Structures are given as C-alpha cells and as structure tokens.
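For reference, the chains in residue letters:
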2 protein chains.
Amino acid sequence: MSNIKFTQNITNEIKHLIDDWGNQRCFALFDTNSYQYCFNYFEDCGLNEEHILTLPAGEAHKTLESVSLIWNFLITRGANRHSLLINVGGGTITDIGGFAASCFKRGIAFVNIPTTLLAQVDASIGGKTGINYMGLKNEIGCFSQPYKVFIDNRFLKSLNRNELLSGYGEMLKHGLLSSTEELDELLQMDLEHIDKKRYLELIRESVEIKAVIVEEDPCEEGIRKALNFGHTVAHALESAALAAKSPISHGMAVALGIVVELKLSELLMHFPQGWYHKIKDHILHSYPAYPIPVDQESLYHYMLHDKKNDERGINFTLLMKPGEFYIDNFCTHDQIITALNEIIYE
Amino acid sequence: MSNIKFTQNITNEIKHLIDDWGNQRCFALFDTNSYQYCFNYFEDCGLNEEHILTLPAGEAHKTLESVSLIWNFLITRGANRHSLLINVGGGTITDIGGFAASCFKRGIAFVNIPTTLLAQVDASIGGKTGINYMGLKNEIGCFSQPYKVFIDNRFLKSLNRNELLSGYGEMLKHGLLSSTEELDELLQMDLEHIDKKRYLELIRESVEIKAVIVEEDPCEEGIRKALNFGHTVAHALESAALAAKSPISHGMAVALGIVVELKLSELLMHFPQGWYHKIKDHILHSYPAYPIPVDQESLYHYMLHDKKNDERGINFTLLMKPGEFYIDNFCTHDQIITALNEIIYE
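No experiment lies behind these values; they were computed from the predicted model shown.

**A few points about the overall build of chain A**
Part 1: A count of helical and extended segments in chain A gives 13 helices and 10 strands.
Part 2: If one aligns the C-alpha atoms of chain A with their principal axes, the spans along those axes are about 55 × 40 × 35 Å.
Part 3: Taken across its 346 residues, chain A has 62% of its residues classed as buried.
Part 4: The contacts of chain A with a sequence gap of at least 6 include a subset with a gap of at least 24, amounting to 75%.
Part 5: If you sum the accessible surface of chain A, you get close to 13200 Å²; carbon and sulfur atoms cover 50% of it.

Here is the structure:
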C-alpha cells in the first residue's frame, strides 16, 4: 500500500511529482476520454506539452500497436532510462502504459492516476500490466509495480452509472473475498447518487483488501489467484463480446462471472444458498440485462485459454462462504455448463 | 551462478529437463543456424515436434515481429502459464526468446542453451532480454532471469574463426574488469585451434566474473553498468552498421569499443599507456579490418541514445588499470571524437 496515495487534490500531487523529477523527464499518457474530462487538473502543473500522448479510448485499442505508439513517442521525444511515464485514465490506459514503460529500455518508472472507479479499486494497483492479443484478454504483459498510484475521488463525478457499475463489480468481488460485513456494506452502496466522501472510504477499503493479497503474492503464484474470483468466466464473456463486437464492461462481466462462480461454489463447496440468491438477485437487478452473444459451449472454449489453467483443467477460486476462499479448484465441463445456465436466457 | 550448469553432455541435460517438465509443457526455439548445427543433440530427447519453432537466423530478425511469431506459436500450440520455453542458439535467440517468454501470460519460465561462444560468455547469462527497435539496439526488453542456462563446449566445434572472435571480445572485456592475470591469460588464448577443455575453463572464468557483478546488481542500477565497458561505442557501431547494411559482429564491435573506451580511460583516468597499446595492438591484429561506414560525428549521435545516459550526457565505465573500474563517467564531445580517431582510418 505504500505506493498508493489517496488525495483530494490531484493537481498538487502532480505538481510535486513534476517538480521532483524535472519536466524533462516526465511524460504523460492519456486517452481521448481522460484527456477530455481530466486534463484540466494537469494544466499549469509544469508538464511539457510535447511530452503528452493521447491514444484513442476503448479496450479495442489495448493492443501491441498502441504499445508501439508509446515506444515511438518516447524515443522521438528523447526519453531515457531515468524518465517517468504518468498514465492517466481507466484500466486500459494504466495497463498499456505500465506495460510500455516496463519494457522501454528494460524498464522505466511509471505512475498511475486512475480516473475510473474500476481502475481505482482494481486495475491501476497491484502491478499487473498488459495488452490483449489474438483476441485473448491480457495475454501479453508483465508484473511490474507502479512507482506511485494517486487516487482522487473528484474524478468520479465525470462517470456515468454504467462506469460506476463497472467498478462496483470488482468491489463486490473484494467484499466476497473479505467478510460478510464488508459485503453487506457494498450491497447497500448507493449507485444512483455519489457521496464522494463515502465512496472514498469504500474505495480505500476495497484497495486495502486487494493490497494485502498482492503484497503476500505479487506474481500470482498462490493466494493472489483469489483475486481472479469471477474472472475465469468474466474473461470468457469479454473475449466472446470482443469477437462479436457486442461490448461488455469489465465490471459487468465480473458481476456475471461472480454469479456463475458462486453457483459453482454452491455446487462444489456448499456456499450458502441464501447468500447466493441474495447476491445473484442484487447483481441481476443492479446491472442492465446483457444478451450473451454466444452459447455456453463457446464460453467454455474461451475458458480453456485462461492463464491460470494447467494440465488439470480450468482453474477457479471458489468460496465456502463470504471471506473464506480456496484457490486452484478444477471443475468439470458439465459443472461449468450448469453454472453458466444461471446467466444465459434463451 | 546457481542457475548456470557447465556440461559436456547437453543431450542428457535436455532429456532430464523434458522428463521433469513433461513434453506437453516444453517448447523449443531455434534459428536456422542452431537448428542446422545443433538439432542433432535434441533428437530422441522426447521433445514434441510440433513444439519446435525455427526463426530465420541473424540480428536483422531481432524484432518485435519475431517476438509476435513466438507468441502466436505458443498460443496456437496451447502453451499455458506453466509451460517452458527452451531457447537454443546465439545471443539473438536467447534475447528474443527470453523476452517473449517473460511477457507471455505475464511470464513463463525459459531455459537458455547458448550455442555460440558469445552467448555462452555473455548474452545468455545475466537476465537481460530484448529486441532492437527503431534501429536502436535492445531498446525494448526486460530483466528476467532464465530458469537454467546449460553451457556445453561441444557446440564450439561448429563455430568459425569470426564467431570465436565475436565471443572473445566479451571475454577480453571481462578480463579487463577482473585482473591483469585474467587479462594475460586471455591475451594468450589460441583462437586458431580450439582446445575444448581449455576453452571450457576460460569460459567458466569469464562467466564467473560476470555472474558476481550481476548477482550484486541484477537490474543495472549501479555496478552492473561496468559490464557495459566498451559497449557505449559498440552499440553505436552496431546501429551504424545496421543502418548501412554493413554488418559487424557484436564481439568485433565490443573489441573496437574497448579500444576507444580504453583511450578515454587513458585520457581521463591515466590508464597505463603500456597496457593500452598492448591491448589495442592485440585487438587490431586479431580482428579483420572493419571499415566503419560513418564518420565520428554520426557515431557520436548514435551514442546519445545509449540507455545508460541521463541529463549529464553520455555515460561510460572507465578503467584506472585492469581490474579497477569506475562507472558513471561523462565525457565531452571532443574527448569522444578524439578517442574515436583510434579506430577510424580515412
């Protein structure tokens, strides 16, 4: 957690950062969205205009081509091994920028300034960087910790309900991994009206749950796999959505993934039925309906590519109850298809 | 050094490796040269034929495109996070393969089996991986230690004199960083006739000099910069050679770089003139003449892109005497041009 700073004055933080490093060494990455809604916080901070790169927004640009654009930009602007890349945006930007920085001249420092709820509670912290490749989510990337992460709740006011829901999916996951108390708080969270102060508290709790796990296992050799709860299914949904050009937000995919993987938990680990139905109903009620563009067998096929898999099959984290999780469970084809039925409506 | 194994029976080592990991998890990378001259050692080792990828040989293929080919190969053959990539070849192959493995699914294990003298004494050990990019040497890459390195002196018999000379450049560098005794041994090394046993001893000594430095500073934040002795100039020579399509071997570039950087050492650090002339004469006598395709100013311009540089200028390691080196020296334009005159013949 020592590299994560919660702030209500991001402008000051950036000023200090640029003062410390010198503006010759600082480069900033935005996408068209973060530039439009957040650049005002960066004006008059001392950033060199020629050191700003703005990529097109959207997960479709989370590609090797975007990474090449960043490398070309850094080279032509004379960046050296002591330069700093400041990534301002959602998870796509912090993932791409972190990866580009980590491989430029064998690694330069980078700072993440997440501007979406999703990136604040998940993507920008923990040191996972990467891009999509051959239609597979985060297939290429590396583990590399950001030098600093700044979380400012003022960015949240530019987000619409769907963007809040996207971050909320990861928060629910953290709650499920943590405790019934944490989970209850999240089930009562008001997604209609942002109470900035209350949000900052909940974000801080969510970040802490993740940070404790990441510190214990930064490279996901063991317990960090728990943070993939809901994600085996979520990544399959996102790959299918990408292929069908019927986009789904990451948090929505995670929320649906939570339903399916809780169903597997109920089937295999006796996760309490009462909790299962409460969470399922809450998710299906909170999120807009998403017509999944492929059938269960296709989703199963996508899951075969999941990074956590080995020869034993498709790897899941499953829950005995809220706060009690077990990594490295392998489910059969039939169990998975059964659980997928919970989110597919013919 | 614990991950480096010297052997005279590489076939047995590979067999054990494939037995341990299971042939489903093992993938092998060759280039057309290493495949032609070395594949016989891999026959009947249990390697799955469909798990072998052969890239075109040569530094010109040390590109992002080659890395993509490796990623595509791994994905289509069903590699997972527990797979192993075995890189068989010279430094180009171990650099590309190491980088591709380190970014595939955020990092899989890789083994280096260097088949050239250069790769055995330098490129395959120490955890530097990477590719050339926009005409700049190793501009993109990461630090990532190989799971194992196997060094077998039997590969040396397939090498011609130029290939031996290429490795010899790095050995001389290690000797200069180590001691007058080590250096004397190397100045007497017979490059006409390979005494396999003697070579293995000298290779082991060379590897040990590097390994001690790498263990102290794996990510080149300090003392490891010493291993770049000769390389600020060498990389400029190689970039110029690449642009002019007039190839120079890495070790030849390093040998010429040693002459220039020893001259700078003589100018700035009072490196003994006697030693300087002895080493310069030995290098110019041992290596074929190389007509440098650009002038001193162009070489100077290439040096401005060196990864070790910062705002203070072009960074050199310089020597007070054999075995006594100082990192982070910055030389002026005129000093560099003067020293470059030592290797440029009009």
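**Some remarks on the pattern of salt bridges**
Close approach of charged atoms allows side chains of opposite charge to pair.
Part 1: All told, the structure shown has 43 salt bridges over all chains when counted by the stated rule.
Part 2: Residues joined by salt bridges that share partners form a network here, namely Lys263, Glu266, Lys280 and Glu342 of chain A.

**Re the interface of chain B and chain A**
Part 1: Between chain B and chain A, the contact holds 35 residues from the first and 35 residues from the second.
Part 2: Buried area between chain B and chain A, summed over both chains or domains, comes out near 3400 Å², and the portion from carbon and sulfur atoms is 55%.
Part 3: Interface area lost by chain B to chain A is led by Arg81, Arg106 and Lys307 of chain B, which between them contribute 24%.
Part 4: With a closest N to O distance of 3.2 Å, Arg81 of chain A and Glu220 of chain B form a salt bridge.
Part 5: Here chain B and chain A share 16 residue pairs in polar contact (both at pLDDT 80 or more) between them.
Part 6: In terms of residue count, the dominant contributor to the side of chain B that touches chain A is strand 7 (residues 136–143) of chain B (7 residues).
Part 7: Of the residues that constitute the side of chain B that touches chain A, the class distribution is 12 nonpolar, 12 polar and 11 charged.

**Quick word on the sheet that holds strand 4 (residues 84–89) of chain A**
All names here are of chain A.
Part 1: The 6 strands are arranged 1-8-5-4-2-3 in an open sheet whose pairing can be described as parallel. Only two strands of the sheet have a single partner each, and these edge strands are strand 1 (4–7) and strand 3 (52–55). With direction set aside, neighbouring strand axes in the sheet form an average angle of 20°.
Part 2: With 6 bridges joining them, strand 4 and strand 5 (residues 109–114) adopt parallel strand pairing. By the bridge assignment, Gly89 is partnered in strand 5 with Pro114.
Part 3: In the packing of helix 3 (residues 64–76) onto the sheet, contacts are made with strand 2 (26–31), strand 3 and strand 4, and the angle to strand 3 comes to roughly 165°.
Part 4: In this fold helix 4 (residues 91–103) packs onto strand 2, strand 3, strand 4 and strand 5, with an angle of close to 165° to the strand it touches most, strand 4.

**Quick notes on the relation of the copies chain B and chain A**
Part 1: In screw terms, the move from chain B to chain A is a rotation of 180° and a rise of 0.0 Å along the axis, fitting with an RMSD of 0.0 Å. Read as a symmetry element, the transformation amounts to a two-fold axis.
Part 2: Comparing interface residues between copies, 100% of those in chain B also lie at the interface in chain A; the contact surface is shared.

**What to know about the state of the cysteines**
All names here are of chain B.
Part 1: Taken as a whole and judged by the stated rule, the model has 0 disulfides over all chains.
Part 2: Here Cys219 stays free of any disulfide, with the sulfur of Cys142 as its closest cysteine sulfur at 9.7 Å.
Part 3: By relative accessible area, Cys219 is classed as partly exposed at 38%.

**Concerning the confidence of the model for chain A**
One rule of thumb: low pLDDT means the predicted coordinates there are not for detailed reading.
Part 1: In the predicted model, chain A carries a mean pLDDT of 94, and 99% of its residues have values of at least 70.
Part 2: What the predictor reports for the complex is a pTM of 0.92 with an ipTM of 0.92.

**Details of the packing of helix 6 (residues 161–178) of chain B against helix 7 (residues 180–187) of chain B**
Residues and elements named next belong to chain B.
Part 1: For the pair helix 6 and helix 7, the least separation of the axes is 6 Å and the interaxial angle reads 155°. Judged by the angle between their axes, helix 6 and helix 7 are roughly antiparallel. Crossing of helix 6 against helix 7: the hand is left-handed. Across the interface between the two elements, Tyr168, Met171, Leu172, Gly175, Leu176 and Ser178 from helix 6 touch Glu182, Leu183, Leu186 and Leu187 from helix 7.
Part 2: Of the residues belonging to the contact of helix 6 with helix 7, the class tally is 7 nonpolar, 2 polar and 1 charged.

**Focus on helix 10 (residues 250–269) of chain B**
Working note: α-helix, 3.6 residues per turn, so residues spaced by three or four point in the same direction.
Part 1: Counted residue by residue, helix 10 of chain B has 18 buried out of 20 residues, so it is predominantly covered.
Part 2: Looking one or two residues beyond helix 10 of chain B, the residue adopting positive phi is His270 of chain B, at roughly 55°.

**Remarks on the environment of Asn9 of chain A**
All names here are of chain A.
Part 1: Looking at the element boundaries, Asn9 is found in the loop between strand 1 and helix 1 (10–21).
Part 2: Relative accessible area serves as the criterion here: at 33%, Asn9 is assigned to the partly exposed category.
Part 3: Spatially, the C-alpha atoms of Asn9 and Glu208 are 21 Å apart, while their sequence positions differ by 199 residues.
Part 4: Contact partners of Asn9, with chain neighbours within four places excluded, come to Asp152 and Arg154.

**A few points about the side chain of Glu220 of chain B**
Part 1: Its place among the elements puts Glu220 of chain B in the loop between helix 8 (196–216) and helix 9 (231–243).
Part 2: Only 2.8 Å separates the side chain of Glu220 of chain B from the side chain of Asn228 of chain B, close enough to count as a polar contact.
Part 3: Setting aside chain neighbours within four positions, we find Glu220 of chain B in contact with Arg81 of chain A together with Lys128, Phe143, Lys225, Asn228 and Lys308 of chain B.

**A word on the sheet that holds strand 5 (residues 109–114) of chain B**
Residue and element names in this part refer to chain B.
Part 1: The strand order 1-8-5-4-2-3 describes an open sheet built from 6 strands, whose pairing is parallel. Single-partner strands in this sheet number two, and they are strand 1 (4–7) and strand 3 (52–55). Neighbour-to-neighbour, the strand axes of this sheet turn through a mean angle of 20°, independent of strand direction.
Part 2: With 2 bridges joining them, strand 5 and strand 8 (residues 148–152) adopt parallel strand pairing.

**Topic: the packing of aromatic side chains**
Part 1: Under the counting rule described, the total for this entry stands at 17 aromatic pairs over all chains.
Part 2: Here Phe39 of chain B and Phe42 of chain B contribute two aromatic rings whose centre-to-centre distance is 6.5 Å and whose plane-to-plane angle is 10°, an arrangement assigned as stacked. Accessibility classification places Phe39 of chain B together with Phe42 of chain B in one group, the buried group.
Part 3: Taken together, the aromatic side chains of Phe30, Tyr35, Phe39 and Phe42 of chain A make up a single cluster linked through ring pairs.

**Some words on the side chain of His174 of chain B**
Part 1: Counting through the fold element by element, His174 of chain B comes out in helix 6.
Part 2: Contact partners of His174 of chain B, with chain neighbours within four places excluded, come to Val121, Asp122, Ser206, Ile209, Lys210 and Leu227 of chain B.

**Details of the pairing of strand 9 (residues 315–321) of chain B**
Residues and elements named next belong to chain B.
Part 1: Within strand 9, 5 of the 7 residues are buried, which leaves it mostly tucked inside the rest of the structure.
Part 2: Of the pairings in the sheet, the one linking strand 9 to strand 10 (residues 324–330) comprises 5 bridges and is antiparallel in character. Following the sheet pairing, Asn315 is matched in strand 10 by Phe330.
Part 3: As consecutive antiparallel partners, strand 9 and strand 10 are separated by 2 residues, and within that stretch Gly323 has a phi angle of approximately 90°, a positive value.

**Re the environment of Asn153 of chain B**
All names here are of chain B.
Part 1: Of note, Asn153 is situated in the loop between strand 8 and helix 6.
Part 2: Overall, the relative accessible area of 0% leaves Asn153 in the buried class.
Part 3: Sequence separation between Asn153 and Lys173 is 20 residues; the distance between their C-alpha atoms is 20 Å.
Part 4: In this view, Asn153 contacts Thr7, Gln8, Lys196, Lys197 and Leu200; residues no more than four positions away in its chain are not counted.

Cut-offs used in this document
Residues numbered from 1 in each chain as written. Chains lettered and ligands numbered in written order. Predicted model: local features only at pLDDT ≥ 70, side-chain atom pairs only at ≥ 80, totals over all residues. Heavy atoms only, no water. Helix = DSSP H or I, 4+ residues; strand = E, 2+ residues; numbered from the N terminus. Buried < 20%, exposed > 50% of the residue type's maximum accessible area, 1.4 Å probe, protein only. Contact = heavy atoms within 4.5 Å. Areas by Shrake-Rupley, 256 points an atom, 1.4 Å probe, with all protein chains shown as cover. Salt bridge = Lys/Arg side-chain N within 4 Å of Asp/Glu carboxyl O. Buried area = accessible area lost by both parts, 1.4 Å probe. Polar contact = N/O pair within 3.5 Å; in protein donor to acceptor, adjacent residues only side chain to side chain. Nonpolar A, V, L, I, M, F, W, Y, C, P; charged D, E, K, R; others polar. Pairing = 2+ DSSP bridges. Axes fitted to C-alpha atoms, helices over the stretch in contact; angles between N-to-C directions. Least-squares fit on C-alpha atoms with pLDDT ≥ 70 in both. Disulfide = S-S within 2.5 Å. pLDDT = per-residue confidence, 0-100. Parallel < 35°, antiparallel > 145°, perpendicular 65-115°, else oblique. Left-handed = near helix turned anticlockwise from the far one by under 90°. Phe/Tyr/Trp six-rings, centres within 6.5 Å; stacked < 30°, edge-to-face > 60°.

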